[in-house]
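Each chain, letter by letter, is given below.
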Amino acid sequence: MGDYIITTNPNRCIACHACEIACKSEKNIPLEATLGKIVVLGPKMVNGKPKMSSVFVPCFHCEKAWCLEACPTEAIRRREKDGLVYIIESLCVGCKACIMACPWHIPQWNSETGKAIKCDLCMDRIDQGLEPACVSVCPTDALSFGRPEELSDKTREAYAHGLLERNLSATSVRL
């Protein structure tokens, strides 16, 4: 896995698809292709009320990247400094081996160029100290970008603060 990850807080995501639109705009992606995708589930009944859930699914930049291993022209490569997997468009011959090899079919077909395309987590933006376009436009801050260990710390701290606040509230009620 690359050094970075995008996570979704499903309690905040409103499935507005702003992330998908920002990606298409940033990368000049044709309408039929989607590099990062919002997946919507539901409605499901929760506490007697219908509820929808959604999660953003970008490329995972797998440690064992099937797309990279399947590419016969070495057009798909891994950046040494952070493990991000990307495509060198000029080397892609449009064989679609990467699309078939990826268990999640993350690489997409660009019918305008006749070549494969995939999420590179906006590595050009990362190099400028920016977040990927999809994360930067999320109106509810449902998407988080960072290193897995940083996001894990934030999640644990938020959970612990919630526990502490509940305990403090319970304690104050008993007094």
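Conventions adopted
- Residues numbered from 1 in each chain as written.
- Predicted model: local features only at pLDDT ≥ 70, side-chain atom pairs only at ≥ 80, totals over all residues.
- Heavy atoms only, no water.
- Helix = DSSP H or I, 4+ residues; strand = E, 2+ residues; numbered from the N terminus.
- Contact = heavy atoms within 4.5 Å.
- Areas by Shrake-Rupley, 256 points an atom, 1.4 Å probe, with all protein chains shown as cover.
- Lys, Arg positive; Asp, Glu negative; His and termini not counted.
- Charge placed at Lys NZ, Arg CZ, Asp CG, Glu CD.
- Pairing = 2+ DSSP bridges.
- Disulfide = S-S within 2.5 Å.
- Buried < 20%, exposed > 50% of the residue type's maximum accessible area, 1.4 Å probe, protein only.
- Phe/Tyr/Trp six-rings, centres within 6.5 Å; stacked < 30°, edge-to-face > 60°.
- Lys NZ or Arg CZ within 6 Å of the ring centre and 35° of its normal.
- Salt bridge = Lys/Arg side-chain N within 4 Å of Asp/Glu carboxyl O.

## Some points on the overall build of the protein
Right, so step 1: What the protein contains, in helices and strands, is six helices and eight strands.
Right, so step 2: For the protein, the α and β elements follow one another from N to C terminus as β-α-β-β-α-β-β-α-β-β-α-α-β-α.
Right, so step 3: The principal-axis extent of the C-alpha atoms belonging to the protein is close to 70 × 35 × 25 Å.
Right, so step 4: In the protein, the proportion of contacts linking residues at least 24 apart, taken out of those at least 6 apart, comes to 54%.
Right, so step 5: On the protein, roughly 10700 Å² of surface is accessible, and the fraction owed to carbon and sulfur atoms is 55%.
Right, so step 6: Averaging the positions of the 21 positive and the 21 negative side-chain charges in the protein gives two centres separated by 7 Å.

## Side note on the environment of V135
Right, so step 1: Take V135: it is sitting in helix α5 (residues 133-136).
Right, so step 2: Considering only alpha carbons, one finds V135 and E150, 15 residues apart in sequence, at a separation of 16 Å.
Right, so step 3: Each residue touching V135, except ones within four places of it in the same chain, is listed here: I6, L143, S144 and F145.

## Some thoughts on the pairing of strand β3 (residues 49-57)
Right, so step 1: In this sheet, β3 lies alongside strand β2 (residues 37-46) in antiparallel orientation, the contact comprising eight bridges. Bridging from a neighbouring strand, K37 pairs with V57 of β3.
Right, so step 2: If you look at the hairpin formed by β2 and β3, you'll find two residues sitting between the two strands, and N47 has a positive phi there, around 50°.

## Overview of the state of the cysteines
Right, so step 1: On inspection of all chains with the given rule, the structure shows zero disulfides.
Right, so step 2: Take C71: it sits in no disulfide, and the sulfur closest to it among the cysteines is that of C95, at 6.2 Å.
Right, so step 3: Exposure remark for C71: the relative accessible area of 15% places this residue in the buried category.

## Considerations on the packing of aromatic side chains
Two descriptors summarise a pair of aromatic rings, namely the distance from one centre to the other and the angle between the planes of the rings.
Right, so step 1: Tallying each qualifying case throughout the model produces three aromatic pairs.
Right, so step 2: Aromatic pair W66 and W104: ring centres 5.9 Å apart, planes at 70°, arrangement edge-to-face. Linking W66 in helix α2 (residues 66-70) with W104 in the loop between α3 (97-101) and β6 (108-110), this pair joins segments that are 38 residues apart in sequence.
Right, so step 3: Classification of W66 by relative accessible area gives partly exposed; the value is 33%.
Right, so step 4: Taking the relative accessible area as the measure of exposure, W104 reaches 43% and is therefore partly exposed.
Right, so step 5: Among the aromatic side chains, those forming a connected cluster through ring pairs are F60, W66 and W104.
Right, so step 6: Stacked on the ring of W109, the Lys or Arg K96 has its end atom at 4.2 Å from the ring centre.

## Notes on the pattern of salt bridges
Right, so step 1: Per the counting criterion, the structure on display carries eight salt bridges.
Right, so step 2: In this structure, the salt-bridge partner of K27 is D120, at a minimum N-O distance of 3.1 Å. Of this pair, K27 sits in helix α1 (residues 18-27) while D120 sits in the loop between β7 (115-117) and α4 (123-127); the two residues are 93 residues apart in sequence, bridging distant segments of the chain.
Right, so step 3: Judged by relative accessible area, which is 27%, K27 ranks as partly exposed.
Right, so step 4: A residue is classified by how much of its surface remains accessible, and D120, at 14% relative accessible area, is buried.
Right, so step 5: With its nearest N and O atoms 3.1 Å apart, the salt bridge here joins K81 to D127. You can see K81 sitting in the loop between β4 (76-78) and β5 (85-87) and its partner D127 sitting in helix α4, a full 46 residues away along the chain.
Right, so step 6: The class of D127 is partly exposed, set by a relative accessible area of 44%.
Right, so step 7: Among the charged side chains, a network of salt bridges with common partners joins R79, K81, D82 and D127.

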